[in-house]
Amino acid sequence: QVQLVESGGGLVNPGGSLRLSCAASGLTFSSVDMGWFRQAPGKEREFVAVISWSGSSTDLLDSVKGRFTISRDNAKNTVYLQMNSLKSEDTAVYYCAARRTSYIIFRDPTRFHYWGQGTQVTVSS
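Along each chain, numbering runs from 1 in the same order as the chain's sequence is written. Restriction of local features to residues with pLDDT of at least 70 applies here, the model being predicted, together with a cutoff of 80 or more for giving and counting side-chain atom pairs; totals for whole chains, interfaces and linings are based on all residues. For the side-chain quantities, the full set of heavy atoms in the structure was used; hydrogens and water were omitted.

1. Concerning the pattern of salt bridges
What counts as a salt bridge is simple: a side-chain nitrogen of Lys or Arg found within 4 Å of a carboxyl oxygen of Asp or Glu. All chains considered together, the criterion is met by 6 salt bridges. Close ionic contact of Arg-38 with Asp-90 constitutes a salt bridge, the shortest N to O distance being 3.0 Å. Taken together, the positions of Arg-38 in strand 4 (residues 32-39) and Asp-90 in the loop between strand 8 (78-83) and strand 9 (92-100) put the pair 52 residues apart, joining distant regions of the chain. Asp-90 matches Arg-38 in its accessibility class, with the two residues each being buried. Within the structure, one salt-bridge network assembled from shared partners comprises Arg-38, Glu-46, Arg-67 and Asp-90. The helix and strand labels rest on DSSP assignments: H or I over at least four residues marks a helix, E over at least two residues marks a strand, and numbering proceeds from the N terminus. Working definition: with a 1.4 Å probe on protein chains only, accessible area under 20% of the residue-type maximum means buried, over 50% means exposed, and in between means partly exposed.

Put into structure tokens, the structure is as follows:
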């Protein structure tokens, strides 16, 4: 049974930082690409970041480039999202997701096979 468990969310002031973690089990972690998505109240789920199985390829939403970094540790079956210079518009539930790897990485959430339950990130003073 595949499980993805996010952690690290919380309340942070604008300009602050958080690091989200997603621990995976029940799958061969080095055979999956990993993504982070978010969903704000009343909005559709949107792509944030994706990383290939090896970590050699990444892609980020334009509005988070220069502020967020995605990384992974295949020895720990964990993917991370380092979020710096947080803004109020980053407030959302953040989800990690996994998809069986292919030759290209995807932003489309429908391409992902497994999902975590989400962790709330609130940016507010």
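2. Quick notes on the environment of Gly-116
Here Gly-116 shows up in the loop between strand 10 (114-115) and strand 11 (119-123). Remark: the alpha-carbon pair of Gly-116 and Glu-6, spanning 110 residues in sequence, is separated by 6.5 Å.

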